[in-house]
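Letter by letter, the chains look like this.
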Amino acid sequence: MTVIIDIGMNHMSAPVELRECFANDAGKMGIALGYMRESELIKEGLFISTCNRVEALFTTDYPEEARKTVISMFSTMGGVSEDSFISNLYIFEDMEAVSHIFRVASSLDSMVLGEPQILGQIKDAYHRASATEKTTGVILNRLMHRAFHAAKRVKTETGISESAVSVSYAAVELAKKIFYGLEGKQVLLIGAGEMAELAARHLIGQGVESLFVANRSFDKAMQVADLFHGKAILFEEIGHYLIGTDIVITSTGSKEYIITHDLVRKSLRERRNRPLFFIDIAVPRDVEPSVNNLENIYVYDIDDLMTIVEENSAQRKDEAIKAERIIQEESIRFEKWLKTLEVVPTIVALKERTEALRKAEMERSLSVLGQLTESQLQAVEALTVSLADKIINDPILILKSKAGRAGRDIFLDVARRLFNLDMENQKRS
Amino acid sequence: MANMFFTIALFLVLLSTSGFIVYIIKQQKKIFLLSFMTLSACFIFHTLFLVNQYYTLGVAPVISLKSSLSFFAWCITGAYLCFHVRFRLMVLGSFVTPIAAALMIISSTIQGLEPTVNPILKTPWFTAHVVTIFIGNGIFAISFTAAVMYLIQEGQIKRKTLGSFYKRLPSLETLDSINHHSIMYGFPFLTIGIIAGAIYAQNALGSYWRWDPKEVWTLITWLAYAMLLHERLAVGWRGRRAALMSILCFLILIFTFLGGSIWLSDYHSFRNLGLGAGL
């Protein structure tokens, strides 16, 4: 009996120090796939490794032994002893493994629920395994295609990947609702900090054209500006640069407001009322709240952004329930297919047996029949083929219909005996 | 035959409106495409109806409240279809088609046959006058719609309550741009319409301008739009203020259209147009 097994660890089961050891790099993936291909115990294999997870998915006829080899493969690959990570591993078998891999592909198992990258990473891993290393076969090919299908359904039928769930991403979404597109827009980054830089990076990813950086220390401003191919400006120049700017990200440690109501109001006329979007990540705030009351000026501080993120996260959790139902449906469908697979060998054997018998009988009879014309020969051939097919047609249909049922094994056994598929009585006859 | 075209157009505009409403809720592109195609078909049947009317009457079919409302609806639909080619803003249809549908329904409930046409109206200047004015009106209806959408979206972003419209409406810049363009395109039509009217009046009645109440209100409408356009182009008005102003302008326009044609007017009123008595 072939078993599907998934062994892995993710952001919940293992700390980052451990996950790093198996981190996403193409060389390690090649080693892992090569190892699985060479192993006699493993029939088909797939290896997924991203910054948040490592998964080895494989099929085997010897679950116990195969499990051990894969764990020892993890150990050699990561250069860590088995004891140090064995408690961080999860092991799923058969249908549990199937629904686990469906959930992973649909981003239901991700740190950020519904994030879109994981599907691409899994597709890459599958491509590597199926096309380059050729370690996948009938079961895993089908399993992975069903996983992609499930992921697509989750994406289109639920709202799980619709809304922003990080502060910087929420800010970018807002910017896109204020401006038509971000191409050619000008961004001013005041102060520094991880979140501010992340937001800037997101904005640049959306096609923002020019970036200016202001900081109390000009040195630091230069550093950050170099990071984004932007331009450093002096703190005193902020008022002037406000005129050409569309989006301002502030995150200084200042106790007073950096952007005051007066400062912005003065720039309005020269800006010709073009919209201006302030993303204020600083605590205490850098932008005076009343700036939001100015026409065509929008100010979002960290609390506003957090509120959006929280609402979106709650929404995603609701959608996740819908997604789980889809995963269940798809798992059940796959299970059905998997069960038909178990009657396949018997059906194939049945067909081969009748064909062998038919050929043998044909040969024997032809010598008795004497000289036949071409068309007569064809007629006899067709007669025997259709006779053989008709005889095994009903048994095959019955076997197929029993594929997922309880009495399946009895039927398989009876069929094997009745048609002598295992050639046990060869000698006796 | 003509009535059949109108009935089909009415049916299609209702179908398309319901489609667009389902679209804004469900957000599925397939539904939009179906609604859009239905609306295009509606526009074709409506055009056939109008062409038929034109040949029967010998004059643009805009001489009674019934026919003007239907012509207004046609202009709005046409303007929307043109704007779609330019801006590809799918959700705009969900706001525009209900207006067109409402005008069509009102038009269909008004009883009565088309009045006999005063021969004095059967000149190209009259047709040019009403057709250009109504095309302008249709385009201004788009600017009004975009302004309403702008105010909804701006209100949500400004107050930081991102409701269900937040996702469905486009960016503020897009809506402002539609508002801006529709006023820029609509204004020349209104201007040409007024000039054509004046020339017609000179030919038919012997004076360019008679200070009839509708003329006065039309002038006020024109001035309001001229001011908005000036502020936009020269001073740099945009966003909320421009949206509010364009809504005000459109309300003046509607008042001019209804008030001037029904209650106030002297020779512009439909009653007089129909019977030709006031002329």
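Thresholds applied
- Residues numbered from 1 in each chain as written.
- Chains lettered and ligands numbered in written order.
- Predicted model: local features only at pLDDT ≥ 70, side-chain atom pairs only at ≥ 80, totals over all residues.
- Core = buried A, V, L, I, M, F, W, Y, C linked by C-beta atoms within 7 Å.
- Buried ≥ 20, exposed ≤ 12 C-beta atoms within 10 Å, placed from the backbone.
- Helix = DSSP H or I, 4+ residues; strand = E, 2+ residues; numbered from the N terminus.
- Contact = placed C-beta atoms within 7 Å.
- Pairing = 2+ DSSP bridges.
- Domains from an automatic or database assignment.
- Nonpolar A, V, L, I, M, F, W, Y, C, P; charged D, E, K, R; others polar.
- Axes fitted to C-alpha atoms, helices over the stretch in contact; angles between N-to-C directions.
- Parallel < 35°, antiparallel > 145°, perpendicular 65-115°, else oblique.
- Left-handed = near helix turned anticlockwise from the far one by under 90°.

A. The nonpolar core, seen in detail. With 125 residues, the main nonpolar core has A:Ala171, A:Ala175, A:Leu189, A:Ile249, A:Phe278 and A:Ile279 as its most contacted residues. Examining the composition of this core, we find that 16 residues originate from one element, helix α5 (residues 124–159) of chain B, more than from any other. Apart from the residues lying within four places of it in its own chain, the contact partners of A:Ala171 are A:Ala199, A:Ile279, A:Tyr300 and A:Leu305.

B. Focus on the pairing of strand β8 (residues 247–251) of chain A. All names here are of chain A. Burial runs high along β8: five of the five residues are buried. Because side chains alternate across β8, one face comprises the buried residues Ile247, Ile249 and Ser251, and the other comprises Val248 and Thr250, equally buried. In terms of strand pairing, strand β5 (residues 186–191) meets β8 through five bridges, oriented parallel. Residue pairing in the sheet places Leu188 in a bridge with Val248 of β8. Pairing of β8 with strand β9 (residues 276–280), which is carried by four bridges, proceeds in the parallel orientation. Bridging from a neighbouring strand, Val248 pairs with Phe278 of β9.

C. How the structure looks around the domain arrangement of chain B. Residues and elements named next belong to chain B. Per the domain assignment, the segments of chain B are domain 1 (1–113) and domain 2 (115–279). Between the C-alpha centres of domain 1 and domain 2 there is a distance of 19 Å. Listed by partner, the interface residues are 25 residues for domain 1 and 29 residues for domain 2. Those elements that provide at least two residues to the side of domain 1 that touches domain 2 are α3 (65–87) and α4 (92–109). In terms of residue count, the dominant contributor to the side of domain 1 that touches domain 2 is α3 (10 residues).

D. Expanded view of the interface of chain B and chain A. Contacts between the two partners involve 15 residues from chain B, matched on the other side by 14 residues from chain A. Counting residues per element, the ones that place at least two in the side of chain B that touches chain A are α5, α7 (172–205) and α9 (239–263) of chain B. Classifying every residue of the side of chain B that touches chain A gives five nonpolar, four polar and six charged.

E. How the structure looks around the packing of helix α1 (residues 2–26) of chain B against helix α2 (residues 29–57) of chain B. Residues and elements named next belong to chain B. Where α1 meets α2, the axes come as close as 8 Å, and the angle between the chain directions of the two elements is 155°. One finds that α1 runs roughly antiparallel with respect to α2. The way α1 lies across α2 gives a crossing that is left-handed. Grouping the amino acids of the contact of α1 with α2 by side-chain chemistry returns 20 nonpolar, eight polar and one charged.

F. Representation of the sheet that holds strand β6 (residues 210–214) of chain A. All names here are of chain A. Spatially, the six strands line up as an open sheet ordered β7-β6-β5-β8-β9-β10, and their pairing is parallel. Only two strands of the sheet have a single neighbouring strand rather than two, namely β7 (231–233) and β10 (297–301). Strand-to-strand, the axes of this sheet are offset by a mean angle of 20°, without reference to chain direction. Taken strand by strand, helix α9 (residues 194–205) contacts β5, β6, β8 and β9, and its axis lies near 160° from that of β8.

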